[in-house]
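Okay, here's what each chain looks like letter by letter:
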Amino acid sequence: MKHDVKDLKLAKEGKLRIEWANQSMPVLNRIKQRFLKEKPLKGKRVAACLHVTTETASLMQTLKAGGAQVALCASNPLSTQDDVAAALVKFDKIAVYAIKGENNKTYYQHINAVIDKKPHYTMDDGADLVSTLHSDRSELIQFVEGGTEETTTGVIRLKSMAADNVLKYPIIAVNDAKTKHFFDNRYGTGQSTMDGIVRATNRLVAGSTFVVCGYGWCGRGLAMRARGMGANVIVTEVDELAALEAVMDGFVLMPISKAARVGDFFCTVTGNINVIRKEHFAVMKDGAIVANSGHFNVELDLDSLGKIAKSKRSVRPFVEEYQLENGRCINVLGEGRLINLAAAEGHPSSVMDMSFANQALCLEYMIKKSDTLDLNVHPVPEKIDTAIAKEKLAAMAIKIDKLTREQRRYLASWDLGT
Ligand SMILES: NC(=O)c1ccc[n+]([C@@H]2O[C@H](COP(=O)([O-])OP(=O)(O)OC[C@H]3O[C@@H](n4cnc5c(N)ncnc54)[C@H](O)[C@@H]3O)[C@@H](O)[C@H]2O)c1
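This section reports on the structure supplied with the text. Small disclaimer: the values here were computed from a predicted structure and weren't measured. (Residues numbered from 1 in each chain as written. Predicted model: local features only at pLDDT ≥ 70, side-chain atom pairs only at ≥ 80, totals over all residues. Heavy atoms only, no water.)

## Let's talk about the site of the ligand
The environment of the ligand is formed by 27 residues, the closest being Thr 151, Thr 152, Thr 153, Glu 237 and Ser 293. Here an oxygen atom of the ligand sits 2.9 Å away from a polar atom, N or O, in the side chain of Asn 185. Contact distances for the ligand include 2.8 Å between a nitrogen atom and a backbone N or O atom of Ser 293. Calculation on the ligand without its partners gives an accessible area of 870 Å², and the protein chains cover 85% of this total. In this structure the site holding the ligand corresponds to the largest pocket. Going through the elements one at a time, helix H7 (152–163), helix H8 (178–201), helix H9 (217–228) and helix H14 (339–342) are the ones with two or more residues in the shell around the ligand. (Near = heavy atom within 4 Å. Polar contact = N/O pair within 3.5 Å; in protein donor to acceptor, adjacent residues only side chain to side chain. Areas by Shrake-Rupley, 256 points an atom, 1.4 Å probe, with all protein chains shown as cover. 1 Å grid on protein atoms, 1.4 Å probe; cavity = no way out; pocket = protein on both sides within 12 Å on 5 of 7 lines; lining within 4 Å. Sits in = over half its atoms within 2 Å of the grid points. Helix = DSSP H or I, 4+ residues; strand = E, 2+ residues; numbered from the N terminus.)

See the structure below:
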């Protein structure tokens, strides 16, 4: 079986870590058991472009249990866990093409390697696989029946493809399931981004000024966790509603031009381009720490930082120190790539349990329904979302109340008022 991973000798370590993750993924495990019996994905080739982490390994095992032939590449050059990639090849016989730190050329070679498998379904995180398939490999689109997309940025890209009438097969926006973004983007990104920043720097967060750019689902989680660690948190926003929400959640809100002067830590989570630019780097305090946890490495304008720096050096893993003409130093983490995956291990398994349960069930749904879905980006069926929430609560042994018949009737009525 063809593959391209760093070192198969890392497989044993990867297997142990995958097992550890599996212990916190009860919902996905139940799906895996059912898939083993029912084989709903039988005969389907799936090309997955996801962060190659322990949780993704569990998802790949689940798809294989369901009868799919799976090939996996990374959705970010710096997010691969090499031991996991090795374990998937060695023990699960899954074709993996991913090496942590691969350059852009290899990254796209790996995407093309999974496309070479002539997938019936794509499972993407950020839409690089889908866009490569549409732009460079369009001769293979005839085999594709549908796809799923994991993240906010990917959904935005795919919606713009659909609006331009260039999307050639239906895609389900897994990100938009409530059991995905309410939890993964908020609690997953919140915790793992702090984890990445702390692992990379080992700096004390308590008492610092921590600037969060973007108060969407990820930003809310990050601001909450930074505050929990004792930081004074400043939020920057461009959207009036999100800004108001941040203010009423008790955060200080100001433009980045002002925040840039006072922050000790900065982290972007906007999904937007050049959020922190030259004029902001130029006024930062000496020793400021700057990171990104949005999907692409475009949120920090590192090209212009390079231009105002007289030199740059690597001071510890995942930390590059830029020495500016003004005598100050700015520390950039993980080359501006999503820091929770670059310097830490990504989201905790318990939260990915729900995201990847959505992936597995949406793939099963697509296989049944792809004929009926138009060439657009579709929501996750509410039934799937609710079933996952129910399963997760059951797995956590948490019971909730049930509506009484009277309450159900009351909630459906209009005639009972004051
Ligand atoms: N690190 C991870 O593991 C991880 C996990 C999930 C999502 N993501 C990515 O994180 C990014 C954010 O996702 P989300 O779900 O929070 O999106 P979202 O749409 O909920 O929030 C983004 C917020 O950023 C704001 N924003 C846009 N431009 C801005 C600017 N110039 N300055 C300040 N704020 C700005 C928007 O108004 C919005 O409120 C996306 O790229 C997404 O794909 C990363």
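Next comes the rest of the write-up.
## Let's talk about the packing of helix H15 (residues 349–369) against helix H16 (residues 382–395)
Between H15 and H16, the least distance of the axes is 10 Å, while the angle of their chain directions is 140 degrees. Considering their axes alone, H15 and H16 lie oblique with respect to each other. Note on packing geometry: the crossing formed by H15 with H16 is right-handed. Two secondary-structure elements touch here, H15 through Ser 350, Asp 353, Met 354, Ala 357, Asn 358, Leu 361, Cys 362 and Tyr 365 and H16 through Ile 384, Asp 385, Ile 388 and Lys 392. Residue composition of the contact of H15 with H16, by class: 7 nonpolar, 2 polar and 3 charged. (Axes fitted to C-alpha atoms, helices over the stretch in contact; angles between N-to-C directions. Parallel < 35°, antiparallel > 145°, perpendicular 65-115°, else oblique. Left-handed = near helix turned anticlockwise from the far one by under 90°. Contact = heavy atoms within 4.5 Å. Nonpolar A, V, L, I, M, F, W, Y, C, P; charged D, E, K, R; others polar.)

## Regarding the sheet that holds strand S2 (residues 69–73)
Strand order across the open sheet formed by 7 strands is S3-S2-S1-S4-S5-S6-S15, with parallel pairing between neighbours. What marks the edges here is a single partner per strand, and that holds for strand S3 (95–97) and strand S15 (377–379). When strand polarity is set aside, the average angle formed by the axes of neighbouring strands in this sheet is 20 degrees. In terms of strand pairing, strand S1 (residues 45–49) meets S2 through 5 bridges, oriented parallel. Residue pairing across strands places Val 46 opposite Val 70, the latter belonging to S2. Here helix H3 (residues 54–65) sits on the sheet in contact with S1, S2 and strand S4 (121–124), set at roughly 160 degrees to S2. (Pairing = 2+ DSSP bridges.)

## Things to note about the environment of Pro 26
Mapped onto the elements of the fold, Pro 26 is located in helix H2 (residues 26–38). With relative accessibility at 31%, the residue Pro 26 sits in the partly exposed group. When the C-alpha atoms of Pro 26 and Gln 69 are compared, they prove to be 23 Å apart, with 43 residues separating the residues in sequence. Apart from residues lying up to four places away in sequence, Pro 26 is in contact with Asp 353, Lys 392 and Ala 395. (Buried < 20%, exposed > 50% of the residue type's maximum accessible area, 1.4 Å probe, protein only.)

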